[in-house]
Amino acid sequence: MERLEVKKLNHHFGFTEILKDINFTLNKGEVLSIVGPSGGGKTTLLHLCANLLDVEEGSVINTFKSSSFAFQEPRLLPWKNTIDNIALALIARGEKNSEAIKKSKEIALRFGLKEEDFDKFPKDLSGGMKQRVSFARALVVKPSLLFLDEPFSALDIGLKKELQTILIDMISKKEISILFITHDLMEAIRLSDEMLLLKSDPGYIVKKFRFDLAQNERNDRYVYGKSAEILQDEEIISTFELELK
Ligand SMILES: Nc1ncnc2c1ncn2[C@@H]1O[C@H](COP(=O)(O)OP(=O)(O)O)[C@@H](O)[C@H]1O
Ligand SMILES: [Mg+2]
């Protein structure tokens, strides 16, 4: 079975200990989120898992057949238009141009882009549209594992919900596994099967929570209810003391 297994992972930048004894497993078909305050080492952890940073101590075993990444900022190529930005990864892995364009258009529409946006360059797209392109680009390759680094945090609430709904649809159809990093507790409750709480200085996992209700059956009431319940937890209160405003 495809899985991502992190064991006894430590990380330092210079003399600063950033992550300490991180252990978890993400199994195929699951959404695992790691929640913690800004500066707590979440991005570092995700980069170690995605092999964007070398593991120094401990191990990361990733047996997923393929993976892709969506970042907090869309990171589009300014000299390529919407469709060419999306098609990039397909073409890079040798797919026929016409086929890559066809698939890119389909997924662009699924992510709420319009035909009139297909030829536009990033400078002529709004922040929200760029993030739609970024998601489409990450998912057009049909990765078995998706790494998400706070991809919703710069979005307004309507678009955030819309993109989350598309992901939830994929999750419910078991099309994808996700490792999701966020500082937003409610976002994590809405999307994940399991949520790990990462406390900082150095980053270590203090608590794990499981949510058994299917993502497509979670409404706002469920998310607010769970948040309220979890916010009673001492560990959560001390982890988020600066974030609860
Ligand atoms: N390449 C780097 N070199 C040195 N320090 C870094 C580097 N990347 C991140 N850090 C530091 O590591 C800590 C954790 O950062 P990060 O993983 O980005 O946290 P988060 O994503 O939770 O906000 C921060 O103090 C940050 O300044
Ligand atoms: Mg980060």
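Only a predicted model underlies this, so the values are computations on that prediction, with no experimental measurement involved.

### Regarding the pairing of strand 6 (residues 145–149)
Turning to step 1, where the next piece is worked out: Burial runs high along strand 6: five of the five residues are buried.
Turning to step 2, where the next piece is worked out: Side chains Leu145, Phe147 and Asp149 project from strand 6 onto one buried face, and the interleaved Leu146 and Leu148 project onto a second face that is buried too.
Turning to step 3, where the next piece is worked out: Across four bridges, strand 5 (residues 67–70) lies against strand 6 in parallel orientation. Its bridge partner lying in strand 6, Ala70 is registered against Leu148.
Turning to step 4, where the next piece is worked out: In this structure, strand 6 lies alongside strand 7 (residues 177–182), joined through five bridges in parallel fashion.

### A look at the packing of helix 4 (residues 127–139) against helix 5 (residues 157–172)
Turning to step 1, where the next piece is worked out: As a packed pair, helix 4 and helix 5 sit with axes 11 Å apart at the nearest point and diverge in direction by 15°. The orientation of helix 4 with respect to helix 5, classified from their angle, is roughly parallel. Note on packing geometry: the crossing formed by helix 4 with helix 5 is right-handed. Only Leu159, Glu162, Leu163, Leu167 and Met170 of helix 5 make contact with helix 4, whose side of the interface consists of Gly128, Arg132, Phe135 and Leu139.
Turning to step 2, where the next piece is worked out: Looking at the contact of helix 4 with helix 5 residue by residue, the classes come out as six nonpolar, one polar and two charged.

Thresholds applied
Residues numbered from 1 in each chain as written. Chains lettered and ligands numbered in written order. Predicted model: local features only at pLDDT ≥ 70, side-chain atom pairs only at ≥ 80, totals over all residues. Heavy atoms only, no water. Buried < 20%, exposed > 50% of the residue type's maximum accessible area, 1.4 Å probe, protein only. Helix = DSSP H or I, 4+ residues; strand = E, 2+ residues; numbered from the N terminus. Pairing = 2+ DSSP bridges. Axes fitted to C-alpha atoms, helices over the stretch in contact; angles between N-to-C directions. Parallel < 35°, antiparallel > 145°, perpendicular 65-115°, else oblique. Left-handed = near helix turned anticlockwise from the far one by under 90°. Contact = heavy atoms within 4.5 Å. Nonpolar A, V, L, I, M, F, W, Y, C, P; charged D, E, K, R; others polar.

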